[in-house]
Amino acid sequence: MNPAHQDDRVSIILDLTIKLKQKGSWCGETHIQKTAFILKSFGVDELDYDFILYKHGPYSFELHSELAIVRNANLISLVVLQDRYGPSFEVTEIWGTRFLERHQEKVKRIKKKVSFVVEWVGDRDVKSLEKIATALMIMSENPTKTADARAQILNRLKPHISLAEAENATKQVELKLDEARRQKIFPQ
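Read on for a plain summary of the structure. Note that the structure is a prediction, hence the values are computed from the model and not measured. (Residues numbered from 1 in each chain as written. Predicted model: local features only at pLDDT ≥ 70, side-chain atom pairs only at ≥ 80, totals over all residues. Heavy atoms only, no water.)

**Brief notes about the overall build of the protein chain**
And step 1. A tally of regular secondary structure across the protein chain gives nine helices and four strands.
And step 2. The order of α-helices and β-strands along the protein chain, N terminus first, is α-α-β-β-α-β-β-α-α-α-α-α-α.
And step 3. In terms of overall dimensions, the protein chain is globule-like: its C-alpha atoms have a radius of gyration of 16 Å, near the 16 Å expected for 188 residues.
And step 4. Taken across its 188 residues, the protein chain has 45% of its residues classed as buried. (Helix = DSSP H or I, 4+ residues; strand = E, 2+ residues; numbered from the N terminus. Rg over C-alpha atoms; globule rule 2.2 N^0.38 Å. Buried < 20%, exposed > 50% of the residue type's maximum accessible area, 1.4 Å probe, protein only.)

This is the structure:
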């Protein structure tokens, strides 16, 4: 991979981590995974990770590996905030902040998309993120199907998500995509 491209990806992930934390997100790996998937769906081409439908919705093993690399480089750290929950990612004050300062150009160019998505996902829990990210994945893979048909697919793929919850998630995604198109954030 081109080192400049990897620097762009890492700077986006660091910026995303900071912005999610500011919005009250737990900011565990699942939060970063789902938000990165949504951003990729919104045309952030640098987040060119391959996502598959996994336990809790769209998941990228590449992103998982890159988070480990970034953590080993001391750009992010894992912090246990409460014993009962998984760890939370935080950008390290020295190395992560410096890296981000040196790679601000990419972050500035996609600021509007990141702000829109972070405002949407904000402090959602993992269950809520799973629903909307999976609904978005189903929508992108089945663009000609009706909302009801996509909700049924979501319910079938994720039986622990009721049909009513699937319909609600599908509706939320459609409304957000319409809003993003009106604001010229989402690609046409």
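**Some thoughts on helix α6 (residues 111-121)**
In an α-helix, one full turn covers 3.6 residues, which means residues spaced three or four apart are oriented alike.
And step 1. All buried positions along α6 are accounted for by V114, F116, V117, V118, W120 and V121.
And step 2. Buried residues belonging to α6 abut α1 (3-22), α2 (29-41), α7 (126-141) and α9 (163-182).
And step 3. A positive phi of about 30° marks G122, the residue just after α6. (Contact = heavy atoms within 4.5 Å.)

**Describing the pattern of salt bridges**
And step 1. Tallied over the full model, the rule gives 11 salt bridges.
And step 2. Residues E174 and R150 are paired through a salt bridge, measuring 2.2 Å at the closest nitrogen-oxygen approach. Taken as a pair, E174 in helix α9 and R150 in helix α8 (residues 147-157) lie far apart in primary sequence, 24 residues in all.
And step 3. For E174, a relative accessible area of 24% translates into the label partly exposed.
And step 4. Note that R181 is salt-bridged to D178, the shortest N-O span being 3.6 Å. Here the residue R181 and the residue D178 both occupy positions in helix α9, the gap between them amounting to three residues, near one helical turn. (Salt bridge = Lys/Arg side-chain N within 4 Å of Asp/Glu carboxyl O.)

**Topic: the nonpolar core**
And step 1. If you look at the biggest cluster of nonpolar residues, it comprises 53 residues, and the most contacted ones within it are I13, L14, I38, F42, L47, L63 and V173.
And step 2. Looking at this core, the element that brings in the most residues is α7, giving eight residues.
And step 3. With residues up to four places along the chain from it excluded, the contact list for I13 reads I32, A36, L47, Y49, L63 and L67. (Core = buried A, V, L, I, M, F, W, Y, C linked by side-chain atoms within 4.5 Å.)

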